Amino acid sequence: ALELNLRHALIEKQNQHDALTSKQREKERDLRNIKKLELQFKSANDALAHTQALYDKIKAEIDNFPKDDGSLVEKRKELRKEVETLKRNFTHQQALTELESHALMQCITEEERLVKQQAECREELVNLTRLAQIKGDEREQKSRDFVRAQQRYRQVVQDIKGRDLLIGEHKKKNQEVQTRLKEFAKMYDIIRNERNKCVSLIQTATQRA
């Protein structure tokens, strides 16, 4: 019985040592996770600072542009009307031939068409600039999503490794429990045999008495 208790004490000591080792591994894993979180936090702050700097730069550039409250468009229309009026007056004032007047009107028409085409190109340029900005924002968002996905993948891998270690420890403890049960069963058989011997001896002694 003393040997059995000593053996159980040694097994318990080993279990406590394994538990201490497991706690130390968990502590190291938690420290690594904390360092990773700190790096992620620092990276997020750097990205935020970069984005804020870009925002401030773009805002400053926008503020430097002259504000158009609609008056520039009106002034442009008025100037165009004045130019057309001057051109038409010029055709009436000058003693131009019918062919020259027709050619001048064609030039005026062509100029109006080019001005309209210029306005359309300007609008298309604005739309393309907005589309490029949207695509750039989408690319940055996808890049951030990719970085977060990589971080989640590494975290999942670490969790799987930790669970594998826990499963190994539980298997080891299960084996130890099975060993102790076998030892108890063996001790039970020995005690039962001794008891049977004692009963047999008691019966023999009773018969002799």
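Residues numbered from 1 in each chain as written. Predicted model: local features only at pLDDT ≥ 70, side-chain atom pairs only at ≥ 80, totals over all residues. Heavy atoms only, no water.

Draft legend 1. Seen up close, the overall build of the chain. What the chain contains, in helices and strands, is 3 helices and 0 strands. Along the chain, from the amino end to the carboxyl end, the secondary structure elements read α-α-α. The 209 residues of the chain split such that 8% are buried. For the chain, the exposed surface amounts to about 18,400 Å²; the carbon and sulfur share of it is 59%. (Helix = DSSP H or I, 4+ residues; strand = E, 2+ residues; numbered from the N terminus. Buried < 20%, exposed > 50% of the residue type's maximum accessible area, 1.4 Å probe, protein only. Areas by Shrake-Rupley, 256 points an atom, 1.4 Å probe, with all protein chains shown as cover.)

Draft legend 2. Fine view of the pattern of salt bridges. Per the counting criterion, the structure on display carries 8 salt bridges. Among the salt bridges present, the one from Glu 169 reaches Arg 25, with a minimum N-O distance of 2.4 Å. Of this pair, Glu 169 sits in helix H3 (residues 98-208) while Arg 25 sits in helix H1 (residues 2-64), placing them 144 residues apart in sequence. You can call Arg 25 partly exposed: its relative accessible area is 30%. Between Glu 110 and Arg 113 there is a salt bridge, with its nearest N and O atoms 2.3 Å apart. Within this pair, Glu 110 and its partner Arg 113 are both found in helix H3, separated by 3 residues, close to a single helical turn. A relative accessible area of 35% means that Glu 110 is categorised as partly exposed. Among the residues examined, Arg 113 registers a relative accessible area of 41% and is labelled partly exposed. (Salt bridge = Lys/Arg side-chain N within 4 Å of Asp/Glu carboxyl O.)

Draft legend 3. Just a nonpolar patch on the surface, in detail. Judged by side-chain polarity, Leu 54, Ile 58 and Ile 62 come together as a nonpolar surface patch covering roughly 240 Å² of accessible area. Among the residues examined, Ile 58 registers a relative accessible area of 39% and is labelled partly exposed. (Patch = residues over 30% accessible without salt bridge, like charges linked within 9 Å, V, L, I, M, F, W, Y side chains within 5 Å.)

Draft legend 4. Main features of the environment of Arg 80. Positionally, Arg 80 belongs in helix H2 (residues 71-93). Spatially, the C-alpha atom of Arg 80 lies 9.9 Å from that of Val 115, the residues being 35 residues apart in sequence.

Draft legend 5. Representation of a positive patch on the surface within the structure. A cluster of basic residues, Arg 76, Lys 77, Arg 80, Lys 81 and Arg 122, forms a positive patch on the protein surface. At 4 residues, the largest contribution of residues to the positive patch is made by H2. Mapped onto the secondary structure, Arg 122 falls in helix H3. Look at Arg 122 and you get partly exposed, because its relative accessible area is 41%. (Lys, Arg positive; Asp, Glu negative; His and termini not counted. Charge placed at Lys NZ, Arg CZ, Asp CG, Glu CD.)

Draft legend 6. Up close: the side chain of Glu 176. By the secondary structure assignment, Glu 176 is in helix H3. When sequence neighbours within four positions are dropped, the list of residues in contact with Glu 176 reads Ile 11, Gln 14, Asn 15 and Asp 18. (Contact = heavy atoms within 4.5 Å.)

Draft legend 7. View of H1. The terminal C-alpha atoms of H1 lie 92 Å apart, and with 63 residues this matches the ideal 93 Å at 1.5 Å per residue to within 8%. Among all positions of H1, only Leu 4, His 8, Ile 11, Asn 15, Asp 18, Ser 22, Arg 29 and Asn 33 are buried. (Expected span 1.5 Å × (residues − 1).)

Draft legend 8. Looking closely at the confidence of the model for the chain. Confidence in the prediction for the chain averages 81 pLDDT; 89% of positions are at 70 or higher. Within the chain, the lowest mean pLDDT, 71, falls on H2, and the highest, 84, falls on H1. (pLDDT = per-residue confidence, 0-100.)

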